[in-house]
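What follows is the residue order along each chain.
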Amino acid sequence: MKITVQSSKSVKPVYGSCGRRSSVASFATADFVPLTVFDKVTVDVYVSRIYFFRPPAPPSSAMEAGLATALAENREWAGRLGVDAASGNRGILLNDAGARFVEAATDVALDSVMPWEPTPETTSLLHPNGDDGGADELMLVQVTRFACGSFAVSTTAHHLVGDGPAVRSFVVAWGQATRGAAVDPVPVHDRVSFFVPRDPPRVEFEHRGAEFKPHGDSQAGTCNTSSGDQVVVVHRAHFSREMISELRTRASSSAGGTSRPHTTLQCVVAHLWQCITKARRIDADSSTTTELHIAVNGRARMRRPRVPDAYTGNAVLWARPTATAGELMAMPLRQVVELIRQEVSRIDDGYFRSFIDFASSGAVEKERLVPTADPSETAKSPHVAVYSVLGSPFHEIDFGAGGGQPFFFMPSYVPVEGLVAVVPSFCDDGSVDAYVSLFGHTVDDFKTCCYSLAAAGEARL
């Protein structure tokens, strides 16, 4: 399938005849907004997402005008990264330079290539200058139209500016503006008052080795991906409703006859963690430690003060349930799920506030600590990193013209071994897809384990 780029232009914010709207006034008055402690510890890369819609598609003029309006409400995405000359701090220059808007088309029907698999071909739906570092824009979008009238919308956004919920909120605003509706909820741009360290500071948790590591220290990503058997393959693992029900039943059972309900995400991720570890064949060495890194959204955890859902920056930290590979493979599923639940619960308001106090204390600079999130990392083995968009309100994304909400969502092809993205299935029946990045020589073992509960260790489930 060939996709042809028809146009590429910079779209700048348009504020309207009455000047900037009220939400823009909540921005800092300075033209330069320093990165927060949460922005600084996220991975310094562009992240892409792709939404697929049924026809009819809105006209290009409406989508471009909607983008200009959405950028007026979300000036960060129309700015540029820079460095403050006085402090040397990185931040966002609110210069309204614009976002990149690309229009593309293909002569095939969307149904003929669905379900879209996570292969390098996926990148044809993305702006070509995002991940290779050739872009100045912080937000790059591409609208690809198919011969059947369906269309795909991709966003390639710089992670230092905003996290997944922030990008999704921007796409919601773009859709609203394209339809001629008011942007709702109003974006919250305040990157100062929510993250003020306590006086006196209370560092109650260890953040060295979690969010920070010594300069020059490497933990994962040491595998040589250039060799022939180390090519990364992204496999889309499908979990039917029946399989999810079975996992939840087994995870909730206990020897005493009582049960604890667990979420779909907890059960699926516990199963994936065991299967990936088994496929890597590191369980023979019981001393090898494996961590499961799970993104935890601070908007749902921070209380004093609460961070609004409409906050436009980063507000994510990571839970890190840990076990040796031998322990993990010997655990029943219910024990793995409970380990995950406990560690995710631990990343609460107190943990977020402790992180703010530590990151603001000067210890990071004094000890020359750097974020553990490493953009050069190509392999996470023996660890696993999980992102989830289960529960994200995709129904709020609508560009009008009658096409309605996206019927399919997928992350971009990201060849980082050990990275997992969990999304709702395009079947729209309560099933789940997990995009699992593995070295090619481990994929067959992973499939055998993943799709057969018996092969995964039925006695332990």
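Residues numbered from 1 in each chain as written. Predicted model: local features only at pLDDT ≥ 70, side-chain atom pairs only at ≥ 80, totals over all residues. Heavy atoms only, no water.

Participant: Please explain the sheet that holds strand β1 (residues 4-11) as it appears in this structure.
Facilitator: Strands pair in a sheet through their backbones, by hydrogen bonds, and they do so in one of two ways: parallel or antiparallel. Strand order in the open sheet formed by 6 strands is β1-β6-β7-β8-β3-β16, with mixed pairing between adjacent strands. Looking at which strands have only one partner, the edges of the open sheet turn out to be β1 and β16 (408-411). In this sheet, adjacent strand axes meet at a mean angle of 15° when their direction is disregarded. In this sheet, β16 lies alongside strand β3 (residues 46-53) in antiparallel orientation, the contact comprising 4 bridges. Paired with Ile50 across the strands is Met410, a residue of β16. The strands touched by helix α3 (residues 60-73) within the sheet are β1, β6 (99-105), β7 (139-145) and β8 (151-158), with β6 carrying the most contacts at an inclination of about 160°. (Pairing = 2+ DSSP bridges. Helix = DSSP H or I, 4+ residues; strand = E, 2+ residues; numbered from the N terminus. Axes fitted to C-alpha atoms, helices over the stretch in contact; angles between N-to-C directions. Contact = heavy atoms within 4.5 Å.)

Participant: Would you take a moment to explain unusual backbone geometry for this structure?
Facilitator: If a residue is not glycine, its phi is most likely negative; likewise, a peptide bond is most likely trans. Cis rather than trans, the peptide bond between Asp199 and Pro200 has omega equal to 0°. The topology assignment puts Pro200 in the loop between α4 (164-179) and β9 (212-214). With omega at -5°, the peptide bond leading from Arg304 into Pro305 counts as cis. Residue placement: Pro305 occurs in the loop between β11 (289-297) and β12 (316-319).

Participant: Is there a simple way to explain the sheet that holds strand β2 (residues 32-34) in this structure?
Facilitator: As summarised here, the arrangement of the 3 strands in space is β2-β5-β4, forming an open sheet in which the pairing is antiparallel. Of all strands in the sheet, those bounded by a partner on one side alone are β2 and β4 (80-83). Averaged over all adjacent pairs, the angle separating strand axes in this sheet is 40°, with direction ignored. Pairing of β2 with strand β5 (residues 90-93) involves 3 bridges; the strand directions are antiparallel. Across the sheet, the residue bridging to Phe32 is Leu93, located in β5.

Participant: What exactly am I supposed to notice about the confidence of the model for the protein here?
Facilitator: The predicted coordinates of low-pLDDT regions are not to be read in fine detail. Considering every residue of the protein, the mean pLDDT works out to 89; 89% of them sit at 70 or more. Overall, residues 455-461 carries pLDDT values under 50, and its contacts beyond four positions in sequence, including any with other chains, amount to 19 contacts. (pLDDT = per-residue confidence, 0-100.)

Participant: What exactly am I supposed to notice about the side chain of Ser150 here?
Facilitator: For Ser150, the location among the structural elements is in the loop between β7 and β8. With sequence-adjacent residues up to four places away left out, Ser150 is seen in contact with Phe53, Arg54, Pro55, Leu110, Thr144 and Arg145.

Participant: Please explain the layout of surface pockets as it appears in this structure.
Facilitator: One water molecule sets the probe size; rolling that probe over the atoms shows where empty space is left. Its boundaries defined by the atoms lining it, the second largest pocket holds a volume of some 470 Å³. Taken together, the elements giving at least two residues each to the lining of the second largest pocket come down to β2, α2 (37-40), α10 (363-366) and β14 (369-371). Counting residues per element, the lining of the second largest pocket draws most heavily on β14, which supplies 3 residues. A per-class count over the lining of the second largest pocket returns 13 nonpolar, 2 polar and 3 charged. Looking at the lining of the second largest pocket, you find at least three residues from each of domain 1 (3-12 + 27-179) and domain 2 (229-252 + 260-459). (1 Å grid on protein atoms, 1.4 Å probe; cavity = no way out; pocket = protein on both sides within 12 Å on 5 of 7 lines; lining within 4 Å. Points joined across faces, edges and corners; volume = space filled by probe spheres on them. Nonpolar A, V, L, I, M, F, W, Y, C, P; charged D, E, K, R; others polar. Domains from an automatic or database assignment.)

Participant: I would appreciate a short explanation of helix α9 (residues 349-359) in the present structure.
Facilitator: The buried fraction of α9 is high, at 11 of 11 residues. For α9, the full list of buried residues reads Asp349, Gly350, Tyr351, Phe352, Arg353, Ser354, Phe355, Ile356, Asp357, Phe358 and Ala359. (Buried < 20%, exposed > 50% of the residue type's maximum accessible area, 1.4 Å probe, protein only.)

Participant: Any chance you could explain the environment of Phe32 here in plain terms?
Facilitator: Mapping Phe32 onto the fold places it in strand β2. Phe32 gets classed as buried once you look at its relative accessible area, which sits at 18%. Along the sequence, Phe32 and Asp84 sit 52 residues apart, while their C-alpha atoms lie 7.5 Å from each other. Apart from residues lying up to four places away in sequence, Phe32 is in contact with Gly82, Val83, Asp84, Asn89, Arg90, Gly91, Ile92 and Leu93.

Participant: Would you take a moment to explain helix α11 (residues 443-451) for this structure?
Facilitator: At 3.6 residues per turn, the α-helix brings residues three or four places apart onto the same side. Within the span of α11, buried status applies to Val443, Phe446, Cys449 and Cys450. Looking down the long axis of α11, one finds its buried residues gathered within 130° of arc, a one-sided arrangement. Along its buried surface, α11 packs onto β10 (232-239), α5 (241-252), α6 (264-280) and β18 (432-439). (Arc of directions from axis to C-beta.)

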